[in-house]
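Chain by chain, the residues:
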Amino acid sequence: MSEAAFEEVSVLSSIYCREGEFQLIQQAAQDGLMVQINSTVGGQRGLDVSLLFHLHPRYPSCPPAISVSSTGLSRTQCHNIRQKLLDQAAALPPEPMVHQLVEGLQVTEKGRGAEEEVKEREEEEQWTAVLSLDHIRSRNRYISLLRRWSQQLQLNGTILLGRSILVILQGARPNIKEFCRLLKTVKVDVDSSGKKCKERMMKVLIESPSSPSCGHGLQGFVEKSYESLAELSAAFQEINMTELYQQILPSLSD
């Protein structure tokens, strides 16, 4: 398998990080990788659709094989979605494409009108995510990139620098996912030898719809340092995210 395929699977596991959203089904040198992504699409009622991607050993030089299943769609509808995704895959350049194909599912499900309805709802609804970063060596470059992405994606955020490096983000869920994708695919830092490297160890600690009071005071992209858990707790309290802090605390103790 190519390095690009393994890297894409790592990125996908970060993007589709909610329970039951992503699963690595198979990993074999001869047969390649097989991943399953479960997505909810459609209009008001929503439809659960399961996408199975078989990444051949030569992927992404050749497009993936795709299977589509759903309890809410007929066999013919699933077949039509699969064929449209296969056609799209064949037309794309030979580079990692699974995330792009999953996004394309919104277009195939009940036409562009349903896609726009889902997209508008997601963009109107505010989500909050807390990310954990492995390390920051080139501090100015790293944080400058994070600040630029948050502005481009219309996200408010805070980076908390201490024993654990945390990034709190708030905004439209698709934009938060794009922020995570950039973290995994762009060389944001340097390794111990000084070579530019990607943030391969980023983890999403929590991602959920924001409550009305959550994140009050979270504006722009702010950099803060802390020296103790008490100071970290106070930083979350300042932006009315005490409950969120309690939820991620066990992860910080690992």
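Look up: the structure comes first, before these words.
Residues numbered from 1 in each chain as written. Predicted model: local features only at pLDDT ≥ 70, side-chain atom pairs only at ≥ 80, totals over all residues. Heavy atoms only, no water.

Draft legend 1. A positive patch on the surface, seen in detail. Together, Arg-141, Arg-148, Lys-187, Lys-195 and Lys-196 make up a region of like positive charge exposed at the surface. Within the fold, Lys-195 resides in the loop between β8 (187-190) and β9 (196-198). (Patch = residues over 30% accessible without salt bridge, like charges linked within 9 Å, V, L, I, M, F, W, Y side chains within 5 Å. Areas by Shrake-Rupley, 256 points an atom, 1.4 Å probe, with all protein chains shown as cover. Salt bridge = Lys/Arg side-chain N within 4 Å of Asp/Glu carboxyl O. Lys, Arg positive; Asp, Glu negative; His and termini not counted. Charge placed at Lys NZ, Arg CZ, Asp CG, Glu CD. Helix = DSSP H or I, 4+ residues; strand = E, 2+ residues; numbered from the N terminus.)

Draft legend 2. Examining helix α5 (residues 139-152) more closely. An ideal rise of 1.5 Å per residue puts 20 Å on 14 residues; α5 measures up with 20 Å between its terminal C-alpha atoms. If you check which residues of α5 are buried, you get Tyr-142, Ile-143, Leu-145, Leu-146, Trp-149 and Ser-150. Within α5, the buried residues cover an arc of 155° as seen down the axis, which keeps them to one side. Exposed residues lying more than 90 degrees from the buried face of α5 are Asn-140, Gln-151 and Gln-152. Buried residues along α5 sit in contact with β5 (127-133), β6 (156-161), β7 (165-171), α6 (173-185), β8 and β11 (221-225). Gln-154 occupies a position one or two residues after α5 and carries a positive phi of about 55°. (Expected span 1.5 Å × (residues − 1). Buried < 20%, exposed > 50% of the residue type's maximum accessible area, 1.4 Å probe, protein only. Arc of directions from axis to C-beta. Contact = heavy atoms within 4.5 Å.)

Draft legend 3. Structural context of the sheet that holds strand β4 (residues 65-69). Pairing is antiparallel across the open sheet formed by four strands, whose spatial order is β1-β2-β3-β4. Each edge of the open sheet is held by one strand with a lone partner, namely β1 (22-28) and β4. Averaged over all neighbouring strand pairs, the angle between strand axes comes to 15°, with direction disregarded. Pairing geometry for strand β2 (residues 32-41) and strand β3 (residues 47-55), over nine bridges, is antiparallel. In the strand pairing of β3, Leu-33 is matched with Leu-55. (Pairing = 2+ DSSP bridges. Axes fitted to C-alpha atoms, helices over the stretch in contact; angles between N-to-C directions.)

Draft legend 4. Fine view of the environment of Phe-53. Relative to the helices and strands, Phe-53 is located in strand β3. Sequence separation between Phe-53 and Ile-25 is 28 residues; the distance between their C-alpha atoms is 9.5 Å.

Draft legend 5. Quick look at the nonpolar core. If you look at the biggest cluster of nonpolar residues, it comprises 30 residues, and the most contacted ones within it are Ile-37, Leu-51, Phe-53, Val-68 and Val-98. Secondary structure elements with two or more residues in this core: α1 (3-15), β2, β3, β4, α2 (75-91) and α3 (98-108). In this structure, Leu-131, Cys-180, Leu-183 and Val-188 belong to the second largest nonpolar core, which totals 25 residues. (Core = buried A, V, L, I, M, F, W, Y, C linked by side-chain atoms within 4.5 Å.)

Draft legend 6. Main features of the packing of aromatic side chains. One pass over the structure, following the stated rule, counts two aromatic pairs. Their ring planes at 90° and their centres at 5.9 Å tell us that Trp-149 and Phe-179 sit as a pair that is edge-to-face. Here Phe-179 lies in helix α6 and Trp-149 lies in helix α5, a separation of 30 residues in the sequence. Judged by its relative accessible area of 0%, Phe-179 is buried. With 5.3 Å between their ring centres and 45° between their planes, Phe-236 and Tyr-245 make a pair best called tilted. Both residues of the pair, Phe-236 and Tyr-245, count as buried. Directly above the aromatic system of Trp-127 lies the positively charged group of Arg-173, at a separation of 4.6 Å from the ring centroid. (Phe/Tyr/Trp six-rings, centres within 6.5 Å; stacked < 30°, edge-to-face > 60°. Lys NZ or Arg CZ within 6 Å of the ring centre and 35° of its normal.)

That's the geometry; what it means functionally is another story.
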